[in-house]
Amino acid sequence: MEKQFLLGDEAIALGAIHAGLSGVYAYPGTPSTEITEYIQANSLARERGIHSRWCTNEKTAMEAALGMSYAGRRALVCMKHVGMNVCADAFVNAAITGTGGGLVVVAADDPSMHSSQNEQDSRFYGRFAMVPILEPSNQQEAYDMTRLAFDLSEQLALPVLLRVVTRLAHSRASVVVADEARAVNSLSPAEGKNWVLLPAIARRQYEALIGKQPQMMTLSEESAYNRSESYGRPRLGIIACGIGYNYVRECRPEDVLLLKVSQYPLPEKQVRQLAEACDAIMVVEDGQPVVEQEVKVLLGRDYKVLGRLTGHLPRTGELTPDNVAAAFGRRQEQAYGTAKNLAARPPQLCPGCGHRDVYTALNQVAAQYPGARIFGDIGCYTLGALPPFQSIASCVDMGASITMAKGAADAGLRPAIAVIGDSTFTHSGMTGLLDAVNDRSPITVIISDNLTTAMTGGQDSAGTNKFEAICLGLGVEPEHVRVVVPLPKNMEEITRILREEIEYEGVSVIIPRRECIQTLRRHLREKQKEAGNA
Amino acid sequence: MKTDIILCGVGGQGILSIATVIGEAAMNENLYIKQAEVHGMSQRGGDVQSNLRLSSEPIASDLIALGGADVIISMEPMEALRYLPYLKREGWIITSSAPFVNIPNYPDMEAVRAELAGIEHVVALDIEQMAKDNGVPRSANIILLGAAQKALGLEYHKLEQAVRRIFSRKGEAVVEANIKALALGRAAQG
């Protein structure tokens, strides 16, 4: 047994490798990115030839992982919480087909929206698909429970959802890890017709999924990760889920009976026992009040359940040691208040970044068209919404820039401009562009190509070197696919081309292409190192 | 022993390297450690912070409570002020004194200095200038770490060992520059 100082994400990655993983499938997204990156860099993973190349989006990732599971091998899928929306079709139906080799889906939620556009709770997806959910409390559990997740998946022949939040994904602690990794599964493709979800078969398979629910409940009720701790002479019951448990322990509660929950379905037997032993139950869970609502239903109208819905904990935002302590009526003594001389320091585009030149040009040109709207998308360039540029009017979900521009153009808005990054375009922009081409929508699409997935730290971008071909293939007319180099010295050319394409009453694509300043620096450093070693 | 540390600054200033060295030193002391890091969007020139907790007992929360921090180590003076509500009355601020101005509404620097000076235990050093003057221009953050040595309650030679181990893969010249930086910081803490 060896101790390693690991991020929660890295603990999951190593846990998966040690559980006999054959492939990880993922699209980068904070706070999940480091799981795949760890596997990509791990020597045993390389030795074993574990698949770890980035996927185009979360749906292709989920489906490829399901294919690997069909073939009998263990697969891991990782994403940020909103990625669950993208792959929901595949995820929910994977519970109907069932699985072969272990299939574990990691959803990294981001309560408080540190790097996200919402704080949706992935446990809803787990319940929706009726599959087991695991929610580790700390880095050691993240490692151990990843192995458990694969075992549960193979025992139940179902995908298992492993849910973490930012504060576990991105926090380091010592983790005791196994000395040896389990062997990978051999190839053993599924037999029979269960995977063909024609209505007649799907109905049977759905019955089978329903039939597994009592076994899932028993596994939860008997799980070592759902356990009770008693302090003093308990009057208040606490249900602490995932990392909520840490904050409860941090404020050393007195006279409470604490039920730690890290495996779902919610263990009903323990919840009922807790209710019988106590006058009221407080639910401490990070994210949305999933368990709180479930406990209310389970215990009925007359039992007192406290939590986010009753205002004992804030309705929005992540748990902190402070708001959990306050829920118990505690208040840490504060020596100092908020400083007087303080200004917000929002993130901004790096000096020298090509997106800066794109927005400079767009602002110049858009100023000449009073009705112009620029629809934004998800990436570093979303920062174009903030000063000094304040260029974009929207940012909703991956790919929405193109389709929203199209819809607005359909409504009569002129000029409708979309700004989307290279990686976001291949993730979810291509299909929208095809819609626009088929409709001959008068939109101008800017694919701001920095040759990488920059915001998450510079991962490979699926479409690099293919964008002109993709646009032409989707039917954009060759004379309206324009490539420029976003540099201040080219401003005249860029603004001229922008004006020409805005004036065109059809689909235009302009591709400003210049490498991300961060990856450029990294590549230069690597080159210097190589030259030094040679 | 229990030390709760907030490391802060502006994205790209190297606060995680400081955390890595402290973490290495603490691991060697067989202390429990939790280190909540900042990744993702917030790194792009915005304010960043990391919570680092060391203890001889197991640590529950990854985050430090308000009023609970023993030390704030900041690469930027206004950023040190941002986390003031987390500082204990008897806690220390170890900060760079040179402002990093990348926003149009940066507050009056004299007022920032005066507010910092009003806190009981403050070490403010122009670490960038010290680094340049002493021929270790890339080790300003390790000067700051040296200046935090007493406040951290870690023995100097343990920090030195950790610096050696962390930077060893970058070559002897880098190791020596950072050892020198650590000593400069230590001497400056008075």
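Residues numbered from 1 in each chain as written. Chains lettered and ligands numbered in written order. Predicted model: local features only at pLDDT ≥ 70, side-chain atom pairs only at ≥ 80, totals over all residues.

Secondary structure summary: chain A contains 21 helices and 18 strands in total. Against the 2.2 N^0.38 benchmark of 24 Å for 534 residues, chain A shows a C-alpha radius of gyration of 25 Å, consistent with a compact globule. Each of the three principal axes of chain A carries a C-alpha extent, and together these read 75 × 65 × 60 Å. The contacts in chain A between residues at least 6 apart in sequence include a share of 77% that link residues at least 24 apart. (Helix = DSSP H or I, 4+ residues; strand = E, 2+ residues; numbered from the N terminus. Rg over C-alpha atoms; globule rule 2.2 N^0.38 Å. Contact = placed C-beta atoms within 7 Å.)

Right, let's get into the sheet that holds strand 4 (residues 103–109) of chain A. Residues and elements named next belong to chain A. Sheet architecture is open: six strands sit in the order 2-3-4-6-5-11, paired in mixed fashion. A single partner strand is all that each edge strand has here, and the edge strands are strand 2 (23–26) and strand 11 (263–264). Judged from the four bridges that link them, strand 2 and strand 3 (residues 75–80) form a sheet pairing that is parallel. Looking across to strand 3, one finds that Ala26 is bridged to Cys78. Across the face of the sheet, helix 4 (residues 58–70) comes into contact with strand 2, strand 3 and strand 4 while running at roughly 165° to strand 3. Packing against the sheet, helix 8 (residues 139–156) makes contact with strand 4, strand 5 (133–134) and strand 6 (160–165), and its axis sits at approximately 160° to strand 6. (Pairing = 2+ DSSP bridges. Axes fitted to C-alpha atoms, helices over the stretch in contact; angles between N-to-C directions.)

This paragraph deals with the nonpolar core. If you look at the biggest cluster of nonpolar residues, it comprises 216 residues, and the most contacted ones within it are A:Val77, A:Val106, A:Leu162, A:Ile239, A:Val284, B:Ile143 and B:Leu144. In this structure A:Val284 touches A:Ile238, A:Ala240, A:Cys241, A:Gly244, A:Tyr247, A:Val248, A:Leu313, A:Leu319 and A:Val324, once residues within four positions along its chain are discounted. (Core = buried A, V, L, I, M, F, W, Y, C linked by C-beta atoms within 7 Å. Buried ≥ 20, exposed ≤ 12 C-beta atoms within 10 Å, placed from the backbone.)

Okay, helix 8 of chain A next. Side chains of residues three or four places apart in an α-helix project in the same direction, reflecting 3.6 residues per turn. All names here are of chain A. Between the first and last C-alpha of helix 8 there are 25 Å, a value that for 18 residues agrees with the 26 Å anticipated at 1.5 Å per step. In helix 8, a bend of some 25° at Met145 exceeds every other bend along the element. Most of helix 8 is tucked away: 13 of the 18 residues are buried. Positive backbone phi, approximately 55°, marks Ala157, located one or two places after helix 8. (Expected span 1.5 Å × (residues − 1). Bend = angle between axes of the 7 residues up to and from the residue.)

Residues and elements named next belong to chain A. Buried residues dominate strand 9 (residues 236–241), accounting for six of its six residues. Of the two faces of strand 9, both are covered, the one formed by Leu236, Ile238 and Ala240 as well as the one formed by Gly237, Ile239 and Cys241. The pairing of strand 9 with strand 10 (residues 256–261) spans six bridges and is parallel. Its bridge partner being in strand 10, Ala240 is matched across the sheet by Lys260. Traced from strand 9 through helix 12 (residues 244–250) to strand 10, the parallel crossover comes out right-handed. As paired elements, strand 9 and strand 12 (residues 280–284) share five bridges and run parallel to each other. By the bridge assignment for strand 12, Gly237 is matched with Ile281. (Right-handed = clockwise from strand over helix to strand, strands pointing away.)

The subject of this paragraph is the interface of chain B and chain A. Often, the extent of an interface is quoted as the loss of accessible area on bringing the components together. Between chain B and chain A, the residue contacts involve 41 residues of the former and 41 residues of the latter. Of all elements in the fold, only helix 1 (15–28), strand 2 (32–36), helix 2 (77–82), strand 5 (87–96) and helix 3 (109–117) of chain B reach the threshold of two or more residues within the side of chain B that touches chain A. With four residues, strand 2 of chain B is the largest single contributor of residues to the side of chain B that touches chain A. The residue inventory of the side of chain B that touches chain A, partitioned by class, reads 19 nonpolar, twelve polar and ten charged. Direction of pairing for strand 7 (residues 171–177) of chain A relative to strand 2 of chain B: antiparallel, over a ladder of three bridges. Bridge pairing in strand 2 of chain B links A:Arg172 to B:Gln35. (Nonpolar A, V, L, I, M, F, W, Y, C, P; charged D, E, K, R; others polar.)

Apart from glycine, the bulk of residues carry a negative phi angle, and the bulk of peptide bonds sit in the trans form. All names here are of chain A. Residue Tyr264 is joined to Pro265 through a cis peptide bond whose omega torsion reads 15°. Within the element layout of this structure, Pro265 appears in the loop between strand 11 and helix 13 (268–277). Cis peptide bonds are those with omega within 30 degrees of zero, and the linkage from Arg414 to Pro415 qualifies with -20°. Mapped onto the secondary structure, Pro415 falls in the loop between helix 17 (400–410) and strand 15 (416–421). The phi dihedral of Ser112 falls on the positive side, at around 85°, and the residue is not glycine. Within the fold, Ser112 resides in the loop between strand 4 and helix 7 (123–129). On the basis of neighbour counts, which here come to 17 C-beta atoms within 10 Å, the residue Ser112 falls in the partly exposed class.

All names here are of chain A. Mapped onto the secondary structure, Pro189 falls in the loop between strand 7 and helix 10 (199–211). With 122 residues separating them along the chain, Pro189 and Gly67 place their C-alpha atoms 9.3 Å apart. With sequence-adjacent residues up to four places away left out, Pro189 is seen in contact with Tyr70, Ala71 and Gly72.

Okay, the domain arrangement of chain A next. The domain boundaries assigned to chain A delineate domain 1 (2–211), domain 2 (227–327) and domain 3 (354–519). The C-alpha centroid of domain 3 of chain A is placed 47 Å from the C-alpha centroid of domain 2 of chain A. (Domains from an automatic or database assignment.)

The next thing to look at is the confidence of the model for chain B. Across chain B, the average pLDDT comes to 94, with 98% of residues at 70 or higher. Predicted complex metrics record ipTM = 0.95 and pTM = 0.97. (pLDDT = per-residue confidence, 0-100.)

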